[in-house]
Amino acid sequence: ESDYCAPEFTQEQVIEIEGGRHPVVERQVEHFIANDARLSPARRMLIVTGPNMGGKSTYMRQVALIALLAHTGSFVPAKSARVGPLDQVYTRVGASDDLAGGRSTFMVEMTEAAAILHAATERSLVLMDEIGRGTSTFDGLSIAWAVAEYLASNPRSRPKTLFATHYHELTDLADLVPGVVNAHVSAREWKDEIVFLRKIVAGRSDRSYGIQVARLAGLPGSVVARAREI
């Protein structure tokens, strides 16, 4: 009924998904765009760039959900899936604070990131979604770069990692650190409109289309125009 497949298991440290889908989101949209994913010892980290609202978070979560469903013995929402053994799935996603505990959104983010860096192993799957947002641009970029570099190169761990970011500078890591690969969510501009294609393709993105998304959200036209000016 749902066009799921039986996953194939292997002792190799890989996650190979063809035509993967998000099991919840695909039920809520008319045309869900399926995407492939491939993580292996030679492709330990995928740095995912692209526009806000483009589908980065959906893509990352569907990879984790497919791996998790496979480990529970379930069929999975994909054309095919080949999955190696995982010990944990770690996520640093979303924004939340702990006011009663005296922890800001950024502190919660850093605490969760610290826990992942200390605990993840080469058999782990890590999802890092927009780390470094809650501080100054240079601090945030520096932290995001150092975290990505550590996950990709620390010989003790080097987990399979999906790393979504709007810091396009991080895409340079693919040229500097073995096992780091760039991917981006494709989008097109047409008559001053942004069209989300929802497809994950190889290579880096150089834009986040934030002003277009702000306009879609309903910011006053004068504010959007001034943002373009600035």
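Above this text sits the structure in question.
Presented here is a report on the structure given in the accompanying data block. (Residues numbered from 1 in each chain as written. Predicted model: local features only at pLDDT ≥ 70, side-chain atom pairs only at ≥ 80, totals over all residues. Heavy atoms only, no water.)

1. A closer look at the pairing of strand E8 (residues 160-164)
Within E8, five of the five residues are buried, which leaves it mostly tucked inside the rest of the structure. Alternating residues of E8 divide into Lys-160, Leu-162 and Ala-164 and Thr-161 and Phe-163, and every residue in both groups is buried. In this sheet, E8 lies alongside strand E7 (residues 125-129) in parallel orientation, the contact comprising five bridges. Bridge pairing in E8 links Leu-127 to Leu-162. In the classification by handedness, the crossover that spans E7, the intervening helix H3 (residues 137-153) and the parallel E8 is right-handed. (Buried < 20%, exposed > 50% of the residue type's maximum accessible area, 1.4 Å probe, protein only. Helix = DSSP H or I, 4+ residues; strand = E, 2+ residues; numbered from the N terminus. Pairing = 2+ DSSP bridges. Right-handed = clockwise from strand over helix to strand, strands pointing away.)

2. So, the sheet that holds strand E5 (residues 80-83)
Ordered by their spatial adjacency, four strands build an open sheet running E1-E5-E2-E3, and the pairing between neighbours is mixed. With partners counted over all chains shown, the strands left at the sheet margins are strand E1 (8-9) and strand E3 (35-39), one partner each. Relative to E5, strand E2 (residues 15-20) is paired through four bridges, and the arrangement is antiparallel. Counterpart to Ile-15 in the pairing with E5 is Val-83. Where helix H1 (residues 56-72) meets the sheet, it contacts E1, E2, E3 and E5, and its direction lies at approximately 115 degrees from that of E2. (Contact = heavy atoms within 4.5 Å. Axes fitted to C-alpha atoms, helices over the stretch in contact; angles between N-to-C directions.)

3. What about the sheet that holds strand E4 (residues 45-49)?
Taken in spatial order, the six strands of this open sheet run E6-E7-E8-E4-E9-E10, and their pairing is mixed. Bordering the open sheet on either side are strand E6 (89-92) and strand E10 (193-202), each of which pairs with just one other strand. Direction aside, neighbouring strands of the sheet carry axes that sit 15 degrees apart on average. Note: E6 against E7, four bridges, orientation parallel. What sits directly across from Arg-92, in E7, is Met-128. Against the sheet, H1 touches E4, E6, E7, E8, strand E9 (180-190) and E10, its axis set at about 165 degrees to E7.

4. Description of the pattern of salt bridges
For the structure shown, the criterion picks out 10 salt bridges. Asp-172 is the salt-bridge partner of Arg-204, the closest N and O atoms lying 3.1 Å from each other. Of this pair, Arg-204 sits in the loop between E10 and helix H5 (210-216) while Asp-172 sits in the loop between E8 and helix H4 (173-176), and the two are 32 residues apart along the sequence. The class for Arg-204 is partly exposed, based on a relative accessible area of 37%. (Salt bridge = Lys/Arg side-chain N within 4 Å of Asp/Glu carboxyl O.)

5. Notes on H3
Helix length check: H3 (17 residues) gives 24 Å between terminal C-alpha atoms against 24 Å at 1.5 Å per residue, within 8%. For H3, the full list of buried residues reads Gly-140, Leu-141, Ala-144, Val-147, Ala-148, Leu-151 and Ala-152. Down the axis, H3 shows its buried residues gathered within 135 degrees of arc, on one side only. Looking at the packing, one finds that the buried side of H3 touches E4, helix H2 (105-119), E7, E8, H4 and E9. (Expected span 1.5 Å × (residues − 1). Arc of directions from axis to C-beta.)

6. What about H1?
For an α-helix, 3.6 residues make a turn, and residues three or four places apart therefore share a direction. Here H1 contains 17 residues, and its C-alpha end-to-end distance of 25 Å stays within 8% of the 24 Å for a straight helix at 1.5 Å per residue. If you check which residues of H1 are buried, you get Lys-56, Tyr-59, Met-60, Gln-62, Val-63, Ala-64, Ile-66, Ala-67 and Ala-70. In the stretch just after H1, Gly-73 is the one whose phi turns positive, near 95 degrees.

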